[in-house]
Amino acid sequence: MNKIILVIRREYLTRIRKKSFLLMTILGPLLMGGIFVVAFMLDKVDTEMKTIAVIDDSHLFQDKFKDNERMHFVYSNEPVDSLRQKSKSQGLFGVLYIPATANIALLEKAVTFYSESQPGLDVISKIKFTIEKEINTYKYVEAGIDEAKLKAIRTDVDIRTRDMKNKETSTPLTSGLGFAGGLLIYLFIFIYGAMVMRGVMEEKTSRIVEVIISSVKPFQLMMGKIVGVALVGLTQFLLWVVLSFMVYGGVTSVMLNGKSEKEKIETMMKVQPGMQGNQMLQQQLQEQEGSAGFQLSEMMSTINFPLLIGMFIFYFLAGYLLYSALFAAIGAAVDSETDTQQFMLPVTIPLIIAYVAAINVINNPQGNVAFWFSIIPFTSPIVMMVRIPFGVPAYQILLSMVLLILGFLFTTWLAGKIYRTGILMYGKKVSYREMWKWLRYHN
């Protein structure tokens, strides 16, 4: 046991002292925050105006296409072929042609948009929405339906969800937390599992391992490396959490730079005559803000965050330990990274399946797919993490945890038999048949 602790200490201290660890620990949250800032800034910077000429031979859409911050519509009576040829010289992004037709139903398939380059979804969506709206209005008139009455009849149902204790809940919030937790575990298993595999390969190819196992058993070395890297991952994750909150505060202040809605209304009331004493507007604003804040607080209170964080740490560590043992076995069996590909596929397939299944689990967190995938050890770290915010019976969580621990013990035993033989094998292409022989050796 003391030797395993020595290996763990060596692996942990060696890795956290590396510049790459410090760099990624600091850059990780900054890069994530930077992605959001860049996406926000790009949306603000991308203000190129697209001029679109509309040839409306049907005379149904005159002045119906409204300009926005990125599109400007001009109407033309020129023949479509002539305007297409002159579009570049006139600075047109595209030409929208709406033919004349006696039957409005035929117009639905007859509209054509010409452009030099493929138009984006924003352009097509804007045009499609406007044409559909006007065609529907025309059909209402033909059918003798009053559109105003139809709008008044149309219903938009907003379903509020509450638990049995009558507390406000939110399915999008729950789904987001669950999927984010599953995705993080998926990424961490890949990142730190591959780190264990490369570490084993480096020691094997440099022949350092021959010196190490003269005083440490191969199994002790493997366990020390696995647990040491796990502690490195946990340390980095906790630092990322702290730094992410700091970065989030900075990003939020950048993206929400300016006055709040309340401040804008208060400023308007001060500037505009006759509104200084409008106490009703102030009271309404305060009631709306208070109601929204109360609902969010109530939604958050229905999520058991201590359980969520505790389960994340458990499934992160247990899932990592299960897979990293297999990654360590692969690293011990091969001599170069190119040889790892044939052995990586069977190990990574369950992780990929679990990630794909997580999408189904969000839609039906209590279904059979969700249950079985959250019980099977090779998929449970990701799928159970997605399910937990929705509420999972205690016996299912306990069963999943026990099976995952047993799965870790089994893969560690399996990997240990491969590791102790493969770590001293050099210059030989390993096959599945060869690894099966190693498993049958009695040491």
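All values reported here derive from a predicted model rather than from experimental measurement.

Each value, and the rule that gives it
Residues numbered from 1 in each chain as written. Predicted model: local features only at pLDDT ≥ 70, side-chain atom pairs only at ≥ 80, totals over all residues. Heavy atoms only, no water. Helix = DSSP H or I, 4+ residues; strand = E, 2+ residues; numbered from the N terminus. Buried < 20%, exposed > 50% of the residue type's maximum accessible area, 1.4 Å probe, protein only. Contact = heavy atoms within 4.5 Å. Areas by Shrake-Rupley, 256 points an atom, 1.4 Å probe, with all protein chains shown as cover. Core = buried A, V, L, I, M, F, W, Y, C linked by side-chain atoms within 4.5 Å. Pairing = 2+ DSSP bridges. Axes fitted to C-alpha atoms, helices over the stretch in contact; angles between N-to-C directions. Expected span 1.5 Å × (residues − 1).

## Some thoughts on the overall build of the chain
The helix and strand tally for the chain stands at 17 helices and six strands. Each of the 443 residues in the chain was classed as buried or not, and the buried ones make up 39%. Taking contacts inside the chain between residues at least 6 apart in sequence as the whole, the part at least 24 apart equals 70%. Here the chain has roughly 26300 Å² of accessible surface; of this, 63% comes from carbon and sulfur atoms.

## A look at the nonpolar core
Core analysis: the largest hydrophobic core is formed by 69 residues, its most contacted members being Ile185, Ile226, Tyr315 and Tyr320. Going through the elements one at a time, helix H7 (171-205), helix H8 (208-212), helix H9 (218-255), helix H12 (305-333), helix H13 (341-363), helix H15 (380-387), helix H16 (394-422) and helix H17 (432-440) are the ones with two or more residues in this core. Here this core gets 19 residues from one element, more than from any other, and that element is H12. If near-sequence neighbours (up to four positions away) are discounted, Ile185 is found in contact with Phe312, Tyr315, Phe316, Pro381, Ile382 and Met385. Counting residues in hydrophobic clusters, the runner-up holds 16 residues, among them Phe65, Phe73, Leu107 and Ile131.

## Notes on the sheet that holds strand S4 (residues 112-115)
What the four strands build is an open sheet, ordered S2-S1-S3-S4; its pairing is mixed. Looking at which strands have only one partner, the edges of the open sheet turn out to be strand S2 (71-75) and S4. Each neighbouring strand pair of the sheet contributes to a mean axis angle of 25 degrees, computed without reference to strand direction. With five bridges joining them, strand S1 (residues 50-56) and S2 adopt parallel strand pairing. Pairing of Ala53 across the sheet is with Val74, part of S2. Docked against the sheet, helix H5 (residues 121-142) engages S1, S2, strand S3 (94-98) and S4, running at close to 50 degrees with respect to S2.

## So, H7
Given a rise of 1.5 Å per residue, 35 residues ought to cover 51 Å, and the 51 Å separating the end C-alpha atoms of H7 matches this to within 8%. Positive phi appears at Arg207, one or two residues downstream of H7, with a value of about 70 degrees.

## Focus on unusual backbone geometry
Here the phi dihedral of His59 falls at roughly 60 degrees; this positive angle occurs in a residue that is not glycine. Along the chain, His59 turns up in the loop between S1 and S2. Owing to a relative accessible area of 64%, His59 belongs among the exposed residues under this scheme. In the Ramachandran plot, Asp63 falls in the positive-phi region, its phi being about 60 degrees despite a non-glycine side chain. Here Asp63 shows up in the loop between S1 and S2.

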